[in-house]
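Architecture and fold: a report
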Amino acid sequence: MRRFLRLLITVVVGSGLVWQIHAQDDQAKTRDAEVLTDVSGKPYRLPGPGECQAVVVIFLSHDCPIANAYAPEIKRLCQVYKQRGVVFCVVYAERDLSRETAKKHAQEYGYCCPVLLDPELKLVRRVGATKVPEAAVLSPRGDLLYRGRIDDRYVDYGQRRSVVRSQDLRDALDAALSGKPVARPRTEVIGCDIDFGPTGQHR
Amino acid sequence: MWTLLMLGAMAAPGLEARQQGGAPTFCRDVAPILFNNCTSCHRPGEVGPFPLVTYEDARKRARQLARICEKRIMPPWKPAAGPETFKNARMLTNEQIAVLKAWAEAGAPKGDEADLPPPPKFPEGWHLGEPDLILTVPKPFVIPAEGPDIYVHFVLPLNFKEDKYVRACQVLPSNRRVAHHGVPILDGSGTARRLAAKHGGDHYPNFGGPGFIPRGFLPGYAPGQLTKDADESDDRGITLPKGTDIVLQMHYHPTGKEETDQPRIGLYFTDRKPKRNPCIIALANNDIYIPPGEKAFRRSDAFRLPVDFEVRDIWAHMHMIGREVRVWAELPDGKRKELLHIPDWDFNWQESYFYTEPFVLPKGTWIRAEFVWDNTADNPRNPNHPPKFIEWGEGSTDEMSGLIIGGVTVRPQDELVMWASVIGHYFEIENKANEARKRREQNRASGRR
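Since this is a predicted model, take the numbers as computed values, not measurements.

This part is about the overall build of chain A. If you tally the helices and strands in chain A, you get six helices and eleven strands. Considering only contacts in chain A between residues 6 or more positions apart, those separated by 24 or more positions represent 73%.

See the structure below:
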């Protein structure tokens, strides 16, 4: 019985250690994925604990009509939630996008938040995004609280609601800011596929 | 080990065959489909939001292309197949869609560049050289970053002292990224001038159409469309009677950022008077009062041809909750001929449809149109949530029905009879709607008592 207990303790402690090492590993990778370059070429790290209440990342491509059509709404959300300590970033999830094109596009659409490039799709993979415009809400510690559409204005390609009925990103943020669990933490995005390269591998 | 080798040997030929002949390649199979059906809009500077010209353009969205074409969302084409075909049809065959699917599934291979056809060339600027007269919209028009599609009518007075004959016309937007289409409409009534003045200038934003019965149309703008010279045929030219104004209807699609456009119209004149002038048939039912929750609210209208008429084109109109439109002809011998069926109406893709072969409908033919609206919450385009009563009106949240058939009378001397009949029918439409409105109000009043 004692031997069994010892074995049990060894197994539990051992696996705990392994788990911790893995967790640290994961965290290091996560942190690495959270450092991107902005359109002016400067490195940008997603804010962490003590720096914000939540982080919203919105993945874009410069030529997705649905992502572009959301620009005014993204700007509105950014303005509204800035006052509540939320940091918004828009991230071009494009492997082959030049910084000049990205910069010009960001200026034309007038994004008023950090505009980042993710040519290696590391932040894309980290949060598991597959489409643009896909939004992700992260806690200051980096936990993924929500991933999905901004709202339900697109029903399908070429089919747009006249009246938005479900403000999914706003709902997720309101829940996160009041410390409540997000009611629908994952929603489906109608938009353009992120190009994962000729092999098409997601992760 | 032996088994593995065996399996490898068996698999290899299949793979090779697929690479050689089986799987479609971009250069050989996909590029011709894109160049002939997509590139007119999907090229730099055009209304298509991304280009479909190079291999990379297509590769990175290969699966999405296949999906969207399979659902027939693109190329955008609303009419269902009928007995007549349309010159301006944009449709892929089932085989072409199968090629796009197989190509995406095979990983979007490029193939041999030697197979690649040259990309299509589209003429720039004025297609037929410097026009005889250029009309320019006075001020750049601002298209906001978001909101519903915009229909705007620019009034361009001609102030001609005599009739002029047009052999060709080209509408040239200055910003083709936002211009869906443009149609020059002829107004001899002065209504458009008044509407523009009421709106404070040179244009008016009428969602419901031009607001007058068009005296005719000039060839309009659609991406990639070539300007034709009508001088060769006897009745393809168009008379611009003195006192006519051109009203340019432009359809714009907001893109997420503010844009401007300042379109121009180029006119090419001829001394040769056209033998026949374009005529129109206008159908509508303005008795529209759609209760919330109504899945299929129906209205119809019918017009009897007073003379033999050659049908050339057709255009239907409804607003956001329009669901379906069907137009047919009942010939004097009892035969029925389908003219147009749009089973899934989309306000944003309304356009004129040009019959491949014009056809004659004899005197006494009834032309009938039926319109269906869906005012339920299931309809994503419903402007109200929850649904509300929707009535006839020209605003974007009102509803309308409309149908215009363009053509010529078989005999030139019948033009006046035809025009009088169309005007007469217009007043019938108005009267019917007014009577229905009165009845409804009376019923409501007596219901209250």
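What follows concerns the domain arrangement of chain B. Residues and elements named next belong to chain B. Once the domains are mapped, chain B shows domain 1 (22-115), domain 2 (133-270) and domain 3 (279-448). Each of domain 1 and domain 2 has a C-alpha centre, and these two points are 31 Å apart. At the junction of the two partners, domain 1 supplies seven residues and domain 2 supplies nine residues. For the pair domain 1 and domain 2, the two sides together bury roughly 590 Å², of which 49% comes from carbon and sulfur. Looking at the side of domain 1 facing domain 2, the largest losses of area belong to G45, E46 and V47, adding up to 69% of the total buried there. Along the contact surface separating domain 1 from domain 2 lie one salt bridge. R176 is paired through a salt bridge with E46; the nearest N and O atoms lie 2.5 Å apart.

What describes a pair of aromatic rings is the distance from one ring centre to the other and the angle between the planes of the rings. All names here are of chain B. If you walk through the whole model with that rule in mind, you get 16 aromatic pairs over all chains. Arranged with centres 5.0 Å apart and planes meeting at 85°, the rings of W77 and Y353 form a pair that is edge-to-face. With a gap of 276 residues between them, W77 in the loop between α4 (62-70) and α5 (94-105) and Y353 in strand β18 (residues 353-361) connect regions that are remote in the sequence. Its relative accessible area of 10% is what places W77 among the buried residues. Judged by relative accessible area, Y353 falls into the buried class, the value being 1%.

The next subject is the pattern of salt bridges. All names here are of chain A. Considering all chains together, one arrives at 51 salt bridges over all chains under this definition. The closest approach of N and O atoms between R95 and D195, which form a salt bridge, is 3.0 Å. Taken together, the residues span a long stretch of sequence, with R95 in the loop between β4 (86-92) and α4 (99-109) and D195 in the segment after β11 (192-193) at a distance of 100 residues. Judged by relative accessible area, R95 falls into the partly exposed class, the value being 33%.

Hydrogen bonding along the main chain pairs the strands of a sheet, whether they run parallel or antiparallel. All names here are of chain B. Spatial strand order, β14-β19-β16-β17: four strands in an open sheet with antiparallel pairing. Of all strands in the sheet, those bounded by a partner on one side alone are β14 (297-304) and β17 (336-342). Adjacent strand axes in the sheet meet at a mean angle of 15°, parallel and antiparallel pairs treated alike. Judged from the eight bridges that link them, strand β16 (residues 322-330) and strand β19 (residues 366-373) form a sheet pairing that is antiparallel. For V327, the partnering residue across the bridge sits in β19 and is A369.

Our next topic: helix α6 (residues 191-198) of chain B. Along an α-helix, a turn takes 3.6 residues, which lines up residues three or four apart on a common side. All names here are of chain B. Listed as buried for α6 are T191, A192 and A196. Down the axis of α6, the buried set is contained in an arc of 130°. They therefore lie on one face. Across α6 from its buried face, at more than 90 degrees, point the exposed residues R194, A197 and K198. Here the buried face of α6 lies against β3 (150-157), β5 (179-187), β6 (203-204) and β9 (245-252). G200 sits one or two positions beyond α6 and adopts a positive phi of about 90°.

In globular proteins that are soluble, nonpolar side chains generally tend to be buried together. Judged by nonpolar contacts, the single largest core of 61 residues is most densely connected at I58(A), F59(A), F88(A), Y111(A) and L169(A). Sort the elements by how many residues they give to this core and strand β3 (residues 54-60) of chain A lands first, with seven residues. Leaving out residues up to four positions away in the same chain, F88(A) has contacts with V56(A), I58(A), L77(A), C78(A), Y81(A), C113(A), P114(A), L169(A) and L173(A). Counting 42 residues, the second largest nonpolar core, distinct from the first, contains W77(B), V311(B), I321(B) and V422(B).

Residue and element names in this part refer to chain B. The sheet built from five strands is open, its strands ordered β6-β3-β9-β5-β7 with antiparallel pairing. Looking at the sheet topology across the chains shown, the edges are occupied by β6 and β7 (216-217). In the sheet, β5 pairs with β7 via two bridges, with the strands oriented antiparallel. When the sheet's bridge partners are listed, I185 is paired in β7 with F217.

Between chain A and chain B, the contact holds 31 residues from the first and 33 residues from the second. Buried surface at the junction of chain A and chain B, both sides included, amounts to about 2600 Å², of which 42% is carbon and sulfur. Among the residues chain A hides against chain B, the three largest losses belong to Y157(A), R160(A) and R165(A). Together they make up 25% of the total. Connecting chain A to chain B are eight salt bridges. Between R160(A) and D149(B) there is a salt bridge whose closest N-O contact spans 3.7 Å. Our enumeration of links across chain A and chain B arrives at 14 residue pairs in polar contact (both at pLDDT 80 or more). Those elements that place two or more of their residues in the side of chain A that touches chain B are α2 (65-69), α3 (71-82), α4, β9 (154-156), β10 (159-160) and β11 of chain A. Residues belonging to the side of chain A that touches chain B are distributed by class as follows: ten nonpolar, seven polar and 14 charged.

Cut-offs and rules
Residues numbered from 1 in each chain as written. Chains lettered and ligands numbered in written order. Predicted model: local features only at pLDDT ≥ 70, side-chain atom pairs only at ≥ 80, totals over all residues. Heavy atoms only, no water. Helix = DSSP H or I, 4+ residues; strand = E, 2+ residues; numbered from the N terminus. Contact = heavy atoms within 4.5 Å. Domains from an automatic or database assignment. Buried area = accessible area lost by both parts, 1.4 Å probe. Salt bridge = Lys/Arg side-chain N within 4 Å of Asp/Glu carboxyl O. Phe/Tyr/Trp six-rings, centres within 6.5 Å; stacked < 30°, edge-to-face > 60°. Buried < 20%, exposed > 50% of the residue type's maximum accessible area, 1.4 Å probe, protein only. Pairing = 2+ DSSP bridges. Axes fitted to C-alpha atoms, helices over the stretch in contact; angles between N-to-C directions. Arc of directions from axis to C-beta. Core = buried A, V, L, I, M, F, W, Y, C linked by side-chain atoms within 4.5 Å. Polar contact = N/O pair within 3.5 Å; in protein donor to acceptor, adjacent residues only side chain to side chain. Nonpolar A, V, L, I, M, F, W, Y, C, P; charged D, E, K, R; others polar.

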